[in-house]
Amino acid sequence: MNVSVAIEKRLRSTRREFALDVRFDSDADVTILFGPSGAGKTLTLLAMAGLVRPDSGAIRCGDRVLFDSARGIDVPARLRRIGFVFQDYALFPHLSVAQNVAFARGRGWIARRGAATAVAGLLETFDLGGCRHALPAQLSGGQRQRVALARALAAEPELLLLDEPFAALDAPLRSRLRGELLALQRKRGLPIVVITHDPDDVAALGGRVIGLVDGRVTAAEQTAASEHKP
């Protein structure tokens, strides 16, 4: 599925001014936004998800227009069918693993099939059944990431956005979870856009790499994953 982004967004504060002008198209299974901190990677993902409104431009996912300033189109975030895993995972600290995943029960297939059955299936998929009653503070970093992924997938999104999903993990766990992410992508056929500033992530995940610096695309290339061979 083609993902097309051509947006501009200007942010002003008392300390600095930042101008985002990002344009890229990708048909890859995995698209990587790569660049240093402050390059505009997270802002781009937030705009794609409908959590930040661009000043101008257009965002398309397949044949769906999610945003088009010229045509007055701005699909609400809840209707975009986009899953988002934040860098800090944004789990609800007062809810259990199962309750966090079930938060999406009002949307998508989880509502049609029933929350209990759907949640049980997702917990099994992500090997979380043994900690279904645990709170996020009682989980490891890898477990918290799996909970965030399960919750993002609960509403059956058409596109998955990941903001620095491996940044807080140690090297062995990063390597293992990269492989799990690629396996998940192949199993579900779900396009993924992932942010990273780690060259190891780029080499491991492959796909289309979009380089960002100071709010602008500086390079775009296709790479092949060097880890987790099928």
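In this report, the structure presented in the accompanying data block is examined.

Quick notes on the overall build of the protein chain
Turning to step 1, where the next piece is worked out: Check the secondary structure of the protein chain and you find 7 helices and 11 strands.
Turning to step 2, where the next piece is worked out: A principal-axis box enclosing the C-alpha atoms of the protein chain has dimensions of 45 × 40 × 40 Å.
Turning to step 3, where the next piece is worked out: Every one of the 230 residues in the protein chain was classed for burial, and the buried ones make up 49%.
Turning to step 4, where the next piece is worked out: Measuring between centres, the 31 positive side-chain charges of the protein chain sit 6 Å from its 25 negative side-chain charges.

Thoughts on the nonpolar core
Turning to step 1, where the next piece is worked out: If you look at the biggest cluster of nonpolar residues, it comprises 39 residues, and the most contacted ones within it are Val 85, Phe 126, Leu 160, Leu 162 and Leu 205.
Turning to step 2, where the next piece is worked out: When residues of this core are traced back to their parent elements, those giving at least two are β3 (30-34), α2 (97-101), α4 (115-125), α5 (141-153), β8 (159-163), α6 (171-188), β9 (192-196) and α7 (199-205).
Turning to step 3, where the next piece is worked out: A total of 6 residues in this core trace back to one element, the largest contributor, which is α5.
Turning to step 4, where the next piece is worked out: Apart from residues lying up to four places away in sequence, Val 85 is in contact with Ala 148, Leu 149, Ala 152, Leu 160, Leu 161, Leu 162 and Asp 163.

Concerning the environment of Ile 7
Turning to step 1, where the next piece is worked out: With respect to the element layout, Ile 7 can be found in strand β1 (residues 3-12).
Turning to step 2, where the next piece is worked out: Setting aside anything within four residues of it in sequence, one finds Ile 7 in contact with Leu 20, Asp 21, Val 22, Ala 47, Pro 54, Ser 56, Gly 57, Ala 58 and Ile 59.

Looking at the packing of aromatic side chains
Turning to step 1, where the next piece is worked out: By the definition in use, this model includes 2 aromatic pairs.
Turning to step 2, where the next piece is worked out: Aromatic pair Phe 84 and Phe 86: ring centres 4.3 Å apart, planes at 20 degrees, arrangement stacked.
Turning to step 3, where the next piece is worked out: The class for Phe 86 is partly exposed, based on a relative accessible area of 29%.
Turning to step 4, where the next piece is worked out: Judged by centre distance (4.7 Å) and plane angle (50 degrees), the rings of Phe 92 and Phe 103 are tilted.

What about the pairing of strand β2 (residues 17-26)?
Side-chain positions along a regular strand alternate between the two faces of the sheet.
Turning to step 1, where the next piece is worked out: Bridge analysis of β1 against β2 gives 10 bridges, and the strand direction is antiparallel. Its bridge partner being in β2, Arg 12 is matched across the sheet by Glu 17.
Turning to step 2, where the next piece is worked out: Linking two consecutive strands that pair antiparallel, namely β1 and β2, is a turn of 4 residues.

Here we look at unusual backbone geometry
Turning to step 1, where the next piece is worked out: Positive phi is not limited to glycine here, since Ala 90 has a value of about 55 degrees.
Turning to step 2, where the next piece is worked out: With respect to the secondary-structure elements, Ala 90 resides in the loop between β7 (82-85) and α2.

Here we look at the side chain of Ser 4
Turning to step 1, where the next piece is worked out: Structurally, Ser 4 is set in strand β1.
Turning to step 2, where the next piece is worked out: A residue is classified by how much of its surface remains accessible, and Ser 4, at 14% relative accessible area, is buried.
Turning to step 3, where the next piece is worked out: Within polar-contact distance, the side chain of Ser 4 engages the side chain of Asp 25 at 2.8 Å.
Turning to step 4, where the next piece is worked out: Once residues lying within four places of it in the same chain are set aside, the contact partners of Ser 4 are Phe 24, Asp 25, Ala 58, Ile 59 and Arg 60.

Here we look at the packing of α5 against α6
Turning to step 1, where the next piece is worked out: Interaxial distance between α5 and α6 falls to 11 Å at its minimum, and their mutual angle equals 20 degrees. Between α5 and α6, the angle is such that the two are roughly parallel. Note on packing geometry: the crossing formed by α5 with α6 is right-handed. In this structure, α5 uses Gly 142, Gln 145, Arg 146 and Leu 153 to contact α6, whose residues at the interface are Leu 173, Arg 176, Leu 177, Glu 180, Leu 184 and Arg 188.
Turning to step 2, where the next piece is worked out: Looking at the contact of α5 with α6 residue by residue, the class counts come to 4 nonpolar, 2 polar and 4 charged.

Regarding α5
Turning to step 1, where the next piece is worked out: In this model α5 runs 19 Å from its N-terminal to its C-terminal C-alpha over 13 residues, within 8% of the 18 Å that 1.5 Å per residue would give.
Turning to step 2, where the next piece is worked out: For α5, the tally of buried residues reaches 10 of 13 residues, placing the bulk of the element in the interior.
Turning to step 3, where the next piece is worked out: Here α5 has its buried residues at Gly 142, Gln 145, Arg 146, Val 147, Ala 148, Leu 149, Ala 150, Arg 151, Ala 152 and Leu 153.

Rules used in this analysis
Residues numbered from 1 in each chain as written. Predicted model: local features only at pLDDT ≥ 70, side-chain atom pairs only at ≥ 80, totals over all residues. Heavy atoms only, no water. Helix = DSSP H or I, 4+ residues; strand = E, 2+ residues; numbered from the N terminus. Buried < 20%, exposed > 50% of the residue type's maximum accessible area, 1.4 Å probe, protein only. Lys, Arg positive; Asp, Glu negative; His and termini not counted. Charge placed at Lys NZ, Arg CZ, Asp CG, Glu CD. Core = buried A, V, L, I, M, F, W, Y, C linked by side-chain atoms within 4.5 Å. Contact = heavy atoms within 4.5 Å. Phe/Tyr/Trp six-rings, centres within 6.5 Å; stacked < 30°, edge-to-face > 60°. Pairing = 2+ DSSP bridges. Polar contact = N/O pair within 3.5 Å; in protein donor to acceptor, adjacent residues only side chain to side chain. Axes fitted to C-alpha atoms, helices over the stretch in contact; angles between N-to-C directions. Parallel < 35°, antiparallel > 145°, perpendicular 65-115°, else oblique. Left-handed = near helix turned anticlockwise from the far one by under 90°. Nonpolar A, V, L, I, M, F, W, Y, C, P; charged D, E, K, R; others polar. Expected span 1.5 Å × (residues − 1).

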